[in-house]
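# Survey of secondary and tertiary structure
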Amino acid sequence: MRYDIWNSSAPAKFIRTGTVKKDTYTSNEYMLLTLTSRIAEGTTGVAHTARLEILANGRVYNLEVIVKLAFSSKQVRRLQHEHTIYMHLTANGVEEGIPQVFGLFEDVKAEATALIMSPAGKCLLQKPVSELSEGA
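What comes next concerns the included structure. (Residues numbered from 1 in each chain as written. Predicted model: local features only at pLDDT ≥ 70, side-chain atom pairs only at ≥ 80, totals over all residues. Heavy atoms only, no water.)

### Let's talk about the overall build of the protein
Note the threshold: Starting at the N terminus, helices and strands are each numbered in turn, a helix being any DSSP run of H or I of at least four residues and a strand any DSSP run of E of at least two. Type-normalised accessible area, obtained with a 1.4 Å probe on protein chains alone, sets the label of each residue: buried when under 20%, exposed when over 50%, and partly exposed for intermediate values. Accessibility throughout is a Shrake-Rupley quantity obtained with a 1.4 Å probe, and a residue counts as covered only by protein chains that appear here.
The helix and strand tally for the protein stands at 1 helix and 8 strands. In the protein, the succession of helices and strands from N to C terminus is β-β-β-β-β-β-α-β-β. For the protein, the proportion of its 136 residues judged to be buried stands at 28%. Carbon and sulfur atoms provide 53% of the accessible area of the protein, an area that totals close to 9,300 Å².

Shown next, in the form of structure tokens:
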């Protein structure tokens, strides 16, 4: 993983939370996540656009996604809470304006956690002030 202060030539191993950690994975048990640009930094970590490549049923699928990375224990707790909220809303039939969550993933060796989800619109920091007025 090469990100901020982390500079390793070895790929990072992130696993979906709640799954059993393994030392090795087969060629059909992977996904490749490439960060493409930084969107913003907040209390839950740093948000990025990314390209997600998944091998499933012998085919490779590519998706444009949003990734939030958390590194401190406080950020990780907040990101876990955000994930819980998305899961609660989805389980109760709320769909509009809610991103599709692909999962919450933990780095096997570092303290990093990643929330991977579909884009759900523009970041408020990227919108013109005129679009943020009341009733808009």
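### Focus: the pairing of strand β6 (residues 59-70)
Just so we agree on the cut-off: By this definition, two strands are paired if DSSP reports at least two bridges between them.
Sheet topology note: the strand β5 (residues 45-56)/β6 ladder contains 11 bridges and is antiparallel. Paired with leucine 52 across the two strands is leucine 63, which belongs to β6. Remark: 2 residues form the turn of the hairpin made by β5 and β6, two consecutive strands paired antiparallel; asparagine 57 in that turn has positive phi of roughly 50 degrees. Sheet topology note: the β6/strand β8 (residues 113-117) ladder contains 5 bridges and is antiparallel. Directly across from isoleucine 66, in β8, lies its bridge partner methionine 117.

### Some remarks on the pairing of β8
Buried residues dominate β8, accounting for 5 of its 5 residues. By the alternation rule, side chains of β8 split into Thr113, Leu115 and Met117 and Ala114 and Ile116, which are all buried. Sheet topology places strand β7 (residues 101-107) next to β8; 5 bridges connect them, and they run antiparallel. Its bridge partner lying in β8, glycine 103 is registered against isoleucine 116.

### Section: a nonpolar patch on the surface
Selection rule: What makes a patch is a set of residues exposed beyond 30% relative accessible area and free of salt bridges, joined within 9 Å when like-charged and within 5 Å when nonpolar (Val, Leu, Ile, Met, Phe, Trp, Tyr). Throughout this description, the term salt bridge denotes a Lys or Arg side-chain nitrogen within 4 Å of a carboxyl oxygen of Asp or Glu.
Where nonpolar side chains cluster on the molecular surface, the patch consists of Tyr30, Leu32 and Val60 and spans about 250 Å² of accessible area. Its place among the elements puts leucine 32 in strand β4 (residues 31-42). Relative accessible area serves as the criterion here: at 42%, leucine 32 is assigned to the partly exposed category.

### Remarks on the pattern of salt bridges
Going through the model one piece at a time under the given rule, you end up with 3 salt bridges. With a closest N to O distance of 2.6 Å, arginine 38 and glutamate 41 form a salt bridge. As a salt-bridge pair, glutamate 82 and lysine 68 come within 2.8 Å of each other at their nearest N and O atoms. Here glutamate 82 is found in helix α1 (residues 73-91), whereas its partner lysine 68 is found in strand β6, with 14 residues between them in sequence. We classify glutamate 82 as buried; its relative accessible area is 11%. Judged by relative accessible area, which is 18%, lysine 68 ranks as buried.

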